[in-house]
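Here are the chains, one letter per residue:
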Amino acid sequence: MTKTKVNLGVVQETLLIPLWARTAEIKQADPIIVDPKSAEILEAIDYDFDKFATANNSQIGACLRGMLIDNWVRAYLQKHPQGSVVDIGTGLNTRFERVDNGKVRWFDLDLPDVMALRKQFFAETERRQFIAASCLDTDWFERVKAAGTQSCMFVAEGVLMFLNEHQVKQLFANLLREFPGSLFAFDSISPLLVKNQKRHDALKHTSANFDWSISDIRKLKDWDSRYQIMEICTFRDLPAKYLKRFSLLNRLLFSHIPPLRNTYRLALVKLG
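Report follows, based on the coordinates. Predicted model only: the values in this text are computed from it and were never measured.

## Quick notes on the pattern of salt bridges
No. 1: According to the stated counting rule, one finds 23 salt bridges in the structure shown.
No. 2: The residue Asp70 makes a salt bridge to Arg95 at a minimum N-O spacing of 2.6 Å. Of this pair, Asp70 sits in helix α3 (residues 56–79) while Arg95 sits in helix α4 (residues 95–99), and the two are 25 residues apart along the sequence. Assigned by exposure class, Asp70 and Arg95 land together as buried.
No. 3: When the shortest N-O distance is used, the salt bridge between Lys169 and Glu165 registers 3.2 Å. One end of the pair, Lys169, and the other, Glu165, are both in helix α7 (residues 165–178), four residues apart, so they sit about a helical turn from each other.
No. 4: A single network of salt bridges, built from pairs that share partners, joins Arg22, Asp35, Arg65, Asp70, Asp87, Arg95, Arg98, Glu157 and Asp187.

## Focus on the layout of surface pockets
No. 1: There is about 410 Å³ of room inside the second largest pocket.
No. 2: Tyr76, Ser151, Cys152, Gly181 and Ser182 are the residues nearest the centre of the second largest pocket, which is lined by 20 residues in total.
No. 3: Breaking the lining of the second largest pocket down by element, the ones donating at least two residues are α3, α6 (141–145), β7 (182–189) and β9 (264–271).
No. 4: Sorting elements by how many residues they give to the lining of the second largest pocket places α3 first, with four residues.
No. 5: Residues belonging to the lining of the second largest pocket are distributed by class as follows: 10 nonpolar, six polar and four charged.

## With respect to the packing of helix α1 (residues 16–25) against α3
No. 1: Running from N to C, α1 and α3 cross one another at 90 degrees; their axes reach a closest spacing of 8 Å. For the element pair α1 / α3, the angle class is roughly perpendicular. Packed against α1, whose contacting residues are Pro18, Trp20, Ala21, Arg22, Ala24 and Glu25, the element α3 presents Ser58, Gln59, Ala62, Cys63 and Arg65 at the interface.
No. 2: Its residues placed into classes, the contact of α1 with α3 shows six nonpolar, two polar and three charged.

Cut-offs and rules
Residues numbered from 1 in each chain as written. Predicted model: local features only at pLDDT ≥ 70, side-chain atom pairs only at ≥ 80, totals over all residues. Heavy atoms only, no water. Salt bridge = Lys/Arg side-chain N within 4 Å of Asp/Glu carboxyl O. Helix = DSSP H or I, 4+ residues; strand = E, 2+ residues; numbered from the N terminus. Buried < 20%, exposed > 50% of the residue type's maximum accessible area, 1.4 Å probe, protein only. 1 Å grid on protein atoms, 1.4 Å probe; cavity = no way out; pocket = protein on both sides within 12 Å on 5 of 7 lines; lining within 4 Å. Points joined across faces, edges and corners; volume = space filled by probe spheres on them. Nonpolar A, V, L, I, M, F, W, Y, C, P; charged D, E, K, R; others polar. Axes fitted to C-alpha atoms, helices over the stretch in contact; angles between N-to-C directions. Parallel < 35°, antiparallel > 145°, perpendicular 65-115°, else oblique. Contact = heavy atoms within 4.5 Å.

Dropping the structure here:
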């Protein structure tokens, strides 16, 4: 079988890390995410995934991150079954396949090179559209609004830390202005992790670099008081049965050293 060549930008290449992580998870006795679609895609791509083989923290972390955001999206769809979800920086994510309720209007958004790759493995439908654009653009807002839903949720998984602070602030401001009352689920990192990013077990195998960081996610309210922090989660808050898969040393560090415990977190924010 002829495999698909990957021709992605430096940051865009990082989308292959969670794809690999979800595929590796299938082999676990009690998998965090069961995602056979990702395994099919990985098998069809010509890329050296073996270089991530020892990135245990990233493998577990990417799946835990995916599970938590999936749960937030499911909770949103329970309240708004015909709402709209925009997966910003979707990469080769299979979230739609995992959470689709048969009614949601879904938008997969990513840069043109990523979307060209994505279209080889996923198809648009009446309820699911692809948008080839930067999250920093504004033209795509009208496509989302055209869905005519009363509620909207935005998701940015493994995206914001590759932007600079000005760009992140602008994205938040744009979404607040155009989609007031919407939800925004995303992950973020602390300055300590940016400082030590060369030690990151998966990112070090790429040429990408983290940029934006924030010491305390509650500081978003300093940007605009209308940002409402609905929920914050670190890995230590997740089920113990999954945390046991991290090394004992990492579990101790996550639990007992506050600066390390807060190096990575996920947040659900209401915009206005």
